[in-house]
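# Coordinate inspection notes
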Amino acid sequence: MIRRFVTALAFLVAATTSYAASEIVVAIRYLQAEGESHAHLFLYREDGTLLRQLTKENSGQDLDPMFAPDGETIVFTREIAENKFEYWTIEPKGGGLKKLDAEPEWYSTSKTSPYFGWPEMEGSGDDESAPGFGERTQKFRAPDNSVELILREVKGDEDDSVNGPQHGKHYVLRELKSGKTTEFPKIPGFEGAVEQLQLKDKNDRFLLEPPLRLAFFGVHLDSTEGDTDYALDLKNRRFVRLSKNWAAPFPLPGEPAFLSMTYVRYVPIPTTQKTANCSYLEYWDASLKTIRFAREGTAAVCYGASMYRPGKTPAAINIRRSGD
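Below or above, wherever it landed, is the structure these notes cover.

### Remarks on the packing of aromatic side chains
- Per the stated rule, a full pass over the model turns up 18 aromatic pairs.
- Aromatic pair Tyr-30 and Phe-42: ring centres 5.7 Å apart, planes at 80 degrees, arrangement edge-to-face. Linking Tyr-30 in strand S1 (residues 23-30) with Phe-42 in strand S2 (residues 39-45), this pair joins segments that are twelve residues apart in sequence. Comparing Tyr-30 with Phe-42, the two get one shared label, buried.
- Among the aromatic residues, those joined into a ring-pair cluster are Tyr-171, Phe-184, Phe-190, Phe-217, Tyr-230 and Phe-239.

As structure tokens, this is what we get:
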């Protein structure tokens, strides 16, 4: 009898301490064939399930949604005219829409969460003493001392002299324990690599959240396609392209997953012959499978997003349109 009571009590404690699933609010502007298109707020579960459209007013553009620190409300900006803004709040369940007299202090001071982006490239600035393309060798060691990435260029190699596809063919992945080396072109999915992306405001160049073990690389494609980014999967030894064009990975600390702000050029606008440069929020799991938070087959622009993760630190991951 006592044993059954203890078992039931343990089950009750486990049930009451389990955390709710994360939710993501995204400001999306679906581009339409005629008339003015408006950005509204949409609430998703992290598995991509659309829970509800939170705002529907067409009096302005709803931007930069952010979960309050307790996750009970969402504050957002409504641009009602050029450089004229209002601040509103709404509950995740869709009720409590209310205009605020001023933006809350926590909202104005919250910054964009750290993300991986292109670092300043050696030899690309005004410092003539810095080595230029084709003369650089950089080494980056993973924090767990498992691998080292040797980014070696060969002077006189035409591909190594520019930021473009096939750059990086002399880069090497070295196993620190065994000393075994693998040239990047022998890793499945390699198309080119120039800079190893760096976490904004930090020196981190690796994303290690077991079983996820990644490094990110960028390369310039051409003047039409711009840049693109790849995840180097250190666990499964493969390159995975994050987007047709550029993408910024946002780590989710404590989770084997990350978000990305993904940019795609020349997306067809439905029912027209026009195209647009679009942006989408995406979620990548430990297998590098991705979920896009937008309706399929649409041309859309993401104007900011916020993910609330009950029980995790930090609880909110914020992506501001301004990048601040």
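### Digging into the side chain of Ser-37
- Take Ser-37: it is sitting in the loop between S1 and S2.
- Among the residues examined, Ser-37 registers a relative accessible area of 6% and is labelled buried.
- Only 2.9 Å separates the side chain of Ser-37 from the side chain of Arg-29, close enough to count as a polar contact.
- The contact partners of Ser-37, leaving out residues within four places of it in the chain, are Arg-29, Tyr-30, Leu-31, Gln-32 and Gln-61.

### Details of the sheet that holds S1
- Taken together, the five strands give an open sheet; going across it, the order is S3-S2-S1-S23-S24, and neighbouring strands pair in antiparallel fashion. Edge positions in the sheet fall to strand S3 (50-53) and strand S24 (316-319), since each has one partner strand and no second. Within this sheet the neighbouring strands show an average axis-to-axis angle of 20 degrees, counted without direction.
- Bridging between S2 and S3 involves three bridges; their strand directions are antiparallel. From the neighbouring strand, Leu-43 faces S3, where its bridge partner is Arg-52.

### A word on the environment of Arg-205
- Along the polypeptide, Arg-205 turns up in the loop between strand S14 (198-199) and strand S15 (206-209).
- Along the sequence, Arg-205 and Ala-215 sit ten residues apart, while their C-alpha atoms lie 6.4 Å from each other.
- Beyond its immediate sequence surroundings of up to four residues, Arg-205 is in contact with Phe-116, Pro-119, Phe-140, Gln-196, Leu-197, Gln-198, Leu-214 and Ala-215.
- Of the polar contacts made by the side chain of Arg-205, one reaches the side chain of Gln-198; its length is 2.9 Å.

### Concerning the nonpolar core
- Ranked by size, the top nonpolar core spans 46 residues in total, and within it Val-26, Leu-259 and Leu-281 carry the most contacts.
- Per-element tally for this core: the top contributor is strand S23 (residues 300-308), with seven residues.
- Those residues in contact with Leu-259 that sit more than four places away from it in its chain are Ile-24, Ala-248, Pro-249, Phe-250, Leu-252, Leu-281, Glu-282, Tyr-283, Met-307, Ile-317 and Ile-319.
- If you look at the next biggest cluster of nonpolar residues, it comprises 20 residues, including Tyr-171, Leu-173, Tyr-230 and Phe-239.

### A look at the sheet that holds strand S9 (residues 137-141)
- Read from one edge to the other, the open sheet built from four strands follows the order S9-S10-S11-S12, with strand pairing classed as antiparallel. In this open sheet, the two strands that pair with only one neighbour each are S9 and strand S12 (181-183). The average angle at which neighbouring strand axes cross in this sheet is 20 degrees, direction not considered.
- As paired strands, strand S10 (residues 147-152) and strand S11 (residues 172-175) are joined by four bridges and run antiparallel to one another. Residue pairing across strands places Val-147 opposite Glu-175, the latter belonging to S11.

### Quick notes on the pattern of salt bridges
- Throughout the structure, instances matching the rule amount to 18 salt bridges.
- When the shortest N-O distance is used, the salt bridge between Arg-174 and Glu-148 registers 2.8 Å. Taken as a pair, Arg-174 in strand S11 and Glu-148 in strand S10 lie far apart in primary sequence, 26 residues in all.
- In this structure Arg-174 comes out as partly exposed when scored by relative accessible area, which is 24%.
- The closest approach of N and O atoms between Glu-175 and Arg-237, which form a salt bridge, is 2.1 Å. In this pair, Glu-175 sits in strand S11 while Arg-237 sits in the loop between strand S17 (226-233) and strand S18 (238-241), placing the two residues 62 residues apart along the sequence.
- We classify Arg-237 as partly exposed; its relative accessible area is 24%.

About the cut-offs
- Residues numbered from 1 in each chain as written.
- Predicted model: local features only at pLDDT ≥ 70, side-chain atom pairs only at ≥ 80, totals over all residues.
- Heavy atoms only, no water.
- Phe/Tyr/Trp six-rings, centres within 6.5 Å; stacked < 30°, edge-to-face > 60°.
- Helix = DSSP H or I, 4+ residues; strand = E, 2+ residues; numbered from the N terminus.
- Buried < 20%, exposed > 50% of the residue type's maximum accessible area, 1.4 Å probe, protein only.
- Polar contact = N/O pair within 3.5 Å; in protein donor to acceptor, adjacent residues only side chain to side chain.
- Contact = heavy atoms within 4.5 Å.
- Pairing = 2+ DSSP bridges.
- Axes fitted to C-alpha atoms, helices over the stretch in contact; angles between N-to-C directions.
- Core = buried A, V, L, I, M, F, W, Y, C linked by side-chain atoms within 4.5 Å.
- Salt bridge = Lys/Arg side-chain N within 4 Å of Asp/Glu carboxyl O.

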